[in-house]
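So you can see what is in the structure, the chains are spelled out below.
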Amino acid sequence: MKALRTVARGFLALTFLAALAAPWIAPRPYDHQYRQAANAEPSRDFPLGSDDLGRDRLSRLLVGAQVSLLLAPAAAAVAVLLAALVGITAGYLGGAWDRVMMGAVDLLLALPWLFLLLAVRSLLPLNVAPQLSVALTFLLLGMLGWAAPARVVRASVRTLLNSEFLLQARALGSSPARLLTRQLPPNLAPVLAAQFCISVPAFVLAEASLGLLGLGVAEPLPSLGSLLRELENLPALRATPAQIAGIMAPAIFLVAVVCSFQLAFPLEEIPS
């Protein structure tokens, strides 16, 4: 199991390095159309073939991985930050504050996550610049993904309030502001780290769902979700096995990344 975990972490490290270096290692511009080579089979010129517009699939996969894998952690950071603010406030203040905030959390958790995400995204402008669509997509993920982590943070805060070190801090005269800023956050760091590790693959899959439905990152900028849309045309293509492998590459890569996250950071080994 340790060897498998090491392999998964090594794969994720290489994946993120490749995503960071995508503009330099991509063999061709991701948005350039080689019309004379549309739907080309994998070859030396196009290692994964080309799509129906003649764009290099490998270049688009590298840039799509950069968009999805670098911004999903940013969305997870937003969600965890909001969860920390809500969970710490509700857990520390208690009373009416706790009931109101946890009521809002329960309401969000009662709604189906994917349907809520689709409904809110469909209300936002779709015909926007690619860079703006990236910001909208992952900001939306962060703004809607804080409810479940907030409940975990709130429960941890309620537990810490009765701990010996916090009682001792109160006895020594620590103010509520000092308890909130100096005592609680360091002891909540493992919980927040666990929620971050859980949120990143969830947001990668959420972006893939949005992109597959055309509600994610706008063309011509690729993401893992938008690259999956090519699978819709697979039954209509008289594709060779090599072409099918090139078309399936984003889906295989997405499955490998999500599975690697689960293997690299198993829940039982994340500090809580």
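Refer to the structure presented above.
Residues numbered from 1 in each chain as written. Predicted model: local features only at pLDDT ≥ 70, side-chain atom pairs only at ≥ 80, totals over all residues. Heavy atoms only, no water.

Engineer: So what about the pattern of salt bridges? Which residues, and what values?
Structural biologist: Scanning the model with the defined rule gives seven salt bridges in all. Note that Asp-45 is salt-bridged to Arg-28, the shortest N-O span being 4.0 Å. Taken together, the positions of Asp-45 in the loop between helix H2 (22–25) and helix H3 (57–93) and Arg-28 in the loop between H2 and H3 put the pair 17 residues apart, joining distant regions of the chain. Relative accessible area serves as the criterion here: at 48%, Asp-45 is assigned to the partly exposed category. Judged by its relative accessible area of 21%, Arg-28 falls in the partly exposed class. The shortest N-O distance in the salt bridge between Arg-55 and Glu-219 comes to 3.3 Å. (Salt bridge = Lys/Arg side-chain N within 4 Å of Asp/Glu carboxyl O. Helix = DSSP H or I, 4+ residues; strand = E, 2+ residues; numbered from the N terminus. Buried < 20%, exposed > 50% of the residue type's maximum accessible area, 1.4 Å probe, protein only.)

Engineer: An account of the packing of aromatic side chains is needed here, citing residue identities and associated values.
Structural biologist: Enumeration according to the criterion identifies two aromatic pairs in this entry. Measuring from ring centre to ring centre gives 5.7 Å for Tyr-34 and Phe-46, while their planes differ by 70 degrees; the resulting arrangement is edge-to-face. Note that Tyr-34 is positioned in the loop between H2 and H3 and Phe-46 in the loop between H2 and H3, a separation of twelve residues in sequence. Judged on exposure class, the residue Tyr-34 and its partner Phe-46 are both buried. Over the aromatic face of Tyr-34 sits the side chain of Arg-28, whose NZ or CZ is 4.8 Å from the ring centroid. Sitting above the plane of the Phe-46 ring, Arg-28 keeps its charged end 4.5 Å from the centroid. (Phe/Tyr/Trp six-rings, centres within 6.5 Å; stacked < 30°, edge-to-face > 60°. Lys NZ or Arg CZ within 6 Å of the ring centre and 35° of its normal.)

Engineer: Give a detailed account of H3, specifying residues and quantitative values.
Structural biologist: Under the 1.5 Å per step criterion, the end-to-end length of H3 is 53 Å for 37 residues, consistent within 8% with the ideal 54 Å. Once H3 ends, the next one or two residues include Gly-94, with phi positive near 65 degrees. (Expected span 1.5 Å × (residues − 1).)

Engineer: Any chance you could break down the environment of Arg-44 for me, citing the residues and the numbers?
Structural biologist: The residue Arg-44 is located in the loop between H2 and H3 in this model. Of the residues examined, Arg-44 reaches a relative accessible area of 82% and is grouped as exposed. Taking the C-alpha atoms as reference, Arg-44 lies 19 Å from Pro-250; in sequence the two are 206 residues apart.

Engineer: Could you give an account of the packing of helix H1 (residues 2–20) against H3, naming the residues involved and the relevant values?
Structural biologist: It is the contact of H1 with H3, at a shortest axis distance of 8 Å, that shows an interaxial angle of 110 degrees. Judged on the interaxial angle alone, H3 and H1 are roughly perpendicular. Pair H1 / H3 crosses with left-handed handedness. Contacts from Thr-15, Phe-16, Ala-19 and Leu-20 in H1 reach Ala-65, Gln-66, Leu-69, Leu-70 and Pro-73 in H3. Residue classes in the contact of H1 with H3 are distributed as seven nonpolar, two polar and no charged. (Axes fitted to C-alpha atoms, helices over the stretch in contact; angles between N-to-C directions. Parallel < 35°, antiparallel > 145°, perpendicular 65-115°, else oblique. Left-handed = near helix turned anticlockwise from the far one by under 90°. Contact = heavy atoms within 4.5 Å. Nonpolar A, V, L, I, M, F, W, Y, C, P; charged D, E, K, R; others polar.)

Engineer: Please provide a residue-by-residue account of a nonpolar patch on the surface, values included.
Structural biologist: A cluster of nonpolar side chains, Leu-14, Leu-17 and Leu-20, forms an exposed patch at the surface whose accessible area comes to about 320 Å². Considering the arrangement of structural elements, one finds Leu-14 in helix H1. (Patch = residues over 30% accessible without salt bridge, like charges linked within 9 Å, V, L, I, M, F, W, Y side chains within 5 Å. Areas by Shrake-Rupley, 256 points an atom, 1.4 Å probe, with all protein chains shown as cover.)

Engineer: Requested: an account of the side chain of Glu-230, with residues and values cited.
Structural biologist: Tracing the backbone through its elements, the reader meets Glu-230 in the loop between helix H10 (224–227) and helix H11 (241–264). With relative accessibility at 17%, the residue Glu-230 sits in the buried group. For Glu-230, the side chain forms a polar contact with the side chain of Arg-57, separated by 2.7 Å. The contacts of Glu-230, once residues within four sequence positions are left out, are Asp-51, Asp-52, Arg-57 and Ile-247. (Polar contact = N/O pair within 3.5 Å; in protein donor to acceptor, adjacent residues only side chain to side chain.)

The quantities given are spatial measurements derived from coordinates; they are silent on function.
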